[in-house]
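# Notes for the structure review
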Amino acid sequence: MANARLSTKGLFKKRFGNDQLAGMLMSLPGALMLVLFVVIPFFTAFVLSFYNIHLSNGHSFFMGFEQYRRILFDPNTSPIFWQSLGNNFVFALMVVPVQTGLAIALALLLNQKRKGIAFFRTFFFMPVVFPMSLVAVIWSLFYSRDLRGMINSLLNGISAGNIGPIDWLGTPGLALVSIAIMSVWAGVGFQMVIVLAGLQEIPLELYEAASIDKASKWQQFRNVTLPGLRNTLVFVVIITSIFSLRLFDQVYILTSGGPLGSTSTVMYQSVTSAWTDDNVGKGSAMTVVFVLIIIVLTLIQRRVLRQEREIK
Amino acid sequence: MKNGKRIIALAATAALAVAGLTACSSNGGKQTITVWAMQGQTGEVNAAKQEVAAFNKANPDIKATLKFVPDMGTALKTTKADALPDAFEFDGETLASLVYAGKLAKLNGLVADSSIKNELASIQAEGTYSDGNTYSVSQYDSGLTLWGNKSLLAKAGVSDVPTTVDKAWTADQFTGVLSKIAAVTPGHKAITFKENYNIGGGWAGYAFSPIVNSAGEPLVKDGKAVGSMDAPAVAAAFKTFASWKQYSDPDADDSAFQTKRVALAWIGHWATPAITSSLGADAELIPLPNFGNGTKSGQGSHSWAIGAKSAHQQAAAKFLEFITQDSWINNVTNQNGAVPATNTALAANANYAPGGLLALYAAQLNKSCGSANPTASCVTVPRTISPAWPFINTTFSAAVQSIWDGADPQAALTKAATAIDQDYADNGEYKK
């Protein structure tokens, strides 16, 4: 009897493995969400992208690959898509290093055991709590192009009038930088908290050992802190890249993609195509293209920045 | 202006759609109709509540239930025709899209002819679709002009300020006026074009399409934008317009004119209460500058319609007749500063009589160009009455924004016009 029971159990174990069954069960809710919110919408977008379809009037026309041709190749309509995609990358190139670096710096500052440190941690995290739309509206006042704008009036004041009013959001070369500065300010608290958690995971013994070896503070940072933060930083870089690729709110509120398309992003083009221009097919086609680009990017990034998972 | 409310509106739409279906039922011989009104300014919300209460009192056999919708545009776009309420308020510029979607009932024979015919010619034109039928009525129309600050203009040495449509400044004269004003204001700005309303977000479709018309063209002529929106005269006009940016206060605080930083404001009627309360007798209406084909202006505001699938269209028609009576029109326009939309209400209002503070609004709307191509003698032009309008609006507005930001006017307008023509072609020219 006992043997028989053992053998059926053994058979099951042989085929699936106890761990695998439990694993599958536990991944079910997550997988379901992924299917519901990523896979199904993606295939819906794929189907919609073959139509000229309007939410507002219910009429639709089959267009085949025409939306893709217009987005990618048409001389009148494709430049803005390529410009937007380029802006996405420029923005990511500005924001990812700056925001990650700043997050490490802030986390190191706030990782001290001092009185009232919780207050400072809360303080630096606060911008993350505010909705981006709110932050953007307030910053639109800071960035106003006349001397009533806070930044212009500040610069004008400290330079005794030598730095004239700058059109922060209306100058093609400057607008995306302005948005990047605001985004870093608004978002850095989130990465900071993650790095802070990472810092606290590094065993104190390592620092003790390092200081016995007469390692300077900088050497400790280079050889203990940074390696200890490796997995955290990989996560932070990936998540910051994702945030910067889906850049939308700030652009929608501050510049509407202007001036001259210099702050337009793929998400901005996609959302305004679908909602403002009522062209759901075009918006869908853009998201399909964008998802494919992001998948390729993620694969590259995963290869380059492989997390160390094994416990040595 | 309508940003940020979309998600709420989407959520609200789902709830409202269900409510609209269930509320639309008769109980004990008493008809229940559902009414959706825009969650607009306080004055408009109050007026809607008062109207519905009075209507229910005056019509014991009908019970109207009122719901306020925060983003009506999205709600109407995303609600199916059979889930729409019996009567609803909407942005008049979307009429053609709603008719094309089969969501509006023809009002001819439903709403009394006397009610429809008493509406301003501009409103009647705005409510008429290309099939010749009337689909909407309105309580008020809009006014778009310049507001001038008399004492600041005098200080700048600007004399002969025009206050009637036939005397409008030419664009070149206007450039001179702006530079004179900028010389005497502390921030060296002369005017607010209400850039804070977001030129590229649709403000240009209302506020700056009169520039196209004043240069002698409609936005779209016979279903084609290439050749009209991007005509050389239009591009030249926008070149002048862009040259005025140096005199423009960005107006981030929405009060450049009221706080006397500038002497002119290119703005709609909704600012009237704020402007008259801060400037008093110093404020005057001035026609928009003339780019060659006479001054032109915008028209059209909120409208009211009946759901195409409503089971209580007669009762809903009664409601529309009720709220377009002069007394109720005056009730709402006294609160929101808009132009009364009936001939009788406008004639009885001293503000709009010759010599009155707002006389220019009435004079402009009385010379509506209707849906025909603008001539030199007419003034107000409705936004293109076509299901393509939402696309025309965003595309044209984006072009104006890019011109404002320094793009070549001719190239920007041709690009926009080409995209609009492609949209017409994509949609089978919007023929049913």
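Structure: above.
Residues numbered from 1 in each chain as written. Chains lettered and ligands numbered in written order. Predicted model: local features only at pLDDT ≥ 70, side-chain atom pairs only at ≥ 80, totals over all residues. Heavy atoms only, no water.

Right, let's talk about empty space enclosed by the protein for a bit. Evaluated as defined, the whole model comprises three cavities of 30 Å³ or more. In this structure, the largest cavity encloses a volume near 90 Å³. In terms of lining residues, the largest cavity is bounded by 13 residues, among which Glu44, Ala48, Glu89, Gln139 and Trp304 of chain B are the most central. Secondary-structure elements contributing two or more residues to the lining of the largest cavity are strand 1 (31-38) and helix 2 (42-58) of chain B. Among the elements that line the lining of the largest cavity, the one with the most residues is helix 2 of chain B, at five residues. Here the residues of the lining of the largest cavity are counted per class, giving nine nonpolar, one polar and three charged. What the second largest cavity holds in volume is close to 60 Å³. Around the second largest cavity sit His54, Ser56, Asn57, Asp277 and Asp278 of chain A together with Ser97, Pro387, Pro390, Phe391, Asp423 and Tyr430 of chain B, which together line it. (1 Å grid on protein atoms, 1.4 Å probe; cavity = no way out; pocket = protein on both sides within 12 Å on 5 of 7 lines; lining within 4 Å. Points joined across faces, edges and corners; volume = space filled by probe spheres on them. Helix = DSSP H or I, 4+ residues; strand = E, 2+ residues; numbered from the N terminus. Nonpolar A, V, L, I, M, F, W, Y, C, P; charged D, E, K, R; others polar.)

Quick look at the sheet that holds strand 2 (residues 62-69) of chain B now. Remark on secondary structure: sheet strands pair via backbone hydrogen bonds, oriented parallel or antiparallel. Residue and element names in this part refer to chain B. Pairing is mixed across the open sheet formed by four strands, whose spatial order is 2-1-3-10. Taken across any chain shown, the strands that pair with only one partner, and hence form the sheet edges, are strand 2 and strand 10 (302-306). Taking each pair of neighbouring strands and ignoring which way they run, the sheet shows an average axis angle of 25°. The pairing of strand 1 with strand 2 spans eight bridges and is classified as parallel. (Pairing = 2+ DSSP bridges. Axes fitted to C-alpha atoms, helices over the stretch in contact; angles between N-to-C directions.)

By the criterion of burial, strand 1 of chain B is predominantly enclosed, with seven of the eight residues buried. Each parallel crossover has a hand, and for strand 1 of chain B linked through helix 2 of chain B to strand 2 of chain B it is right-handed. (Buried < 20%, exposed > 50% of the residue type's maximum accessible area, 1.4 Å probe, protein only. Right-handed = clockwise from strand over helix to strand, strands pointing away.)

A word on the interface of chain A and chain B. Taken together, the 26 residues of chain A in the interface contact 33 residues of chain B. For the chain A and chain B pair, buried surface summed over both sides reaches about 2,700 Å², with 49% attributable to carbon and sulfur atoms. Taken as a group, Asn76, Arg145 and Trp275 of chain A account for 22% of the area that chain A buries against chain B, more than any other trio of residues on that side. For the pair chain A and chain B, the number of links is three salt bridges. Of the charged contacts in the structure, one is a salt bridge between Arg70 of chain A and Asp426 of chain B, with a shortest N-O distance of 2.6 Å. Counting the contacts that link chain A with chain B gives 12 residue pairs in polar contact (both at pLDDT 80 or more). Across the side of chain A that touches chain B, the residue classes tally to eight nonpolar, 10 polar and eight charged. (Contact = heavy atoms within 4.5 Å. Buried area = accessible area lost by both parts, 1.4 Å probe. Salt bridge = Lys/Arg side-chain N within 4 Å of Asp/Glu carboxyl O. Polar contact = N/O pair within 3.5 Å; in protein donor to acceptor, adjacent residues only side chain to side chain.)

Each disulfide is one covalent bond, formed between the sulfur atoms of two cysteines. Residue and element names in this part refer to chain B. Scanning the entire structure with this criterion turns up one disulfide over all chains. Each disulfide pairs two cysteine sulfurs, and for Cys369 the partner residue is Cys378, the sulfurs being separated by 2.1 Å. Around the S-S axis, the bridge from Cys369 to Cys378 shows a dihedral of about 95° and counts as right-handed. Just as Cys369 is buried, Cys378 falls in that class too. (Disulfide = S-S within 2.5 Å.)

For the rest of this paragraph, the subject is the nonpolar core. Residue and element names in this part refer to chain B. In terms of nonpolar packing, the biggest core is built from 103 residues, with Trp147, Phe208, Met229, Phe238 and Trp266 touching the most fellow members. The greatest single-element share of this core, amounting to eight residues, is contributed by helix 17 (residues 389-404). Domain assignment of the residues forming this core places at least three in each of domain 1 (6-142 + 300-364) and domain 2 (144-298 + 388-430). One finds Val52, Ala54, Ala64 and Val137 within the second-largest nonpolar core, a separate group that totals 26 residues. (Core = buried A, V, L, I, M, F, W, Y, C linked by side-chain atoms within 4.5 Å. Domains from an automatic or database assignment.)

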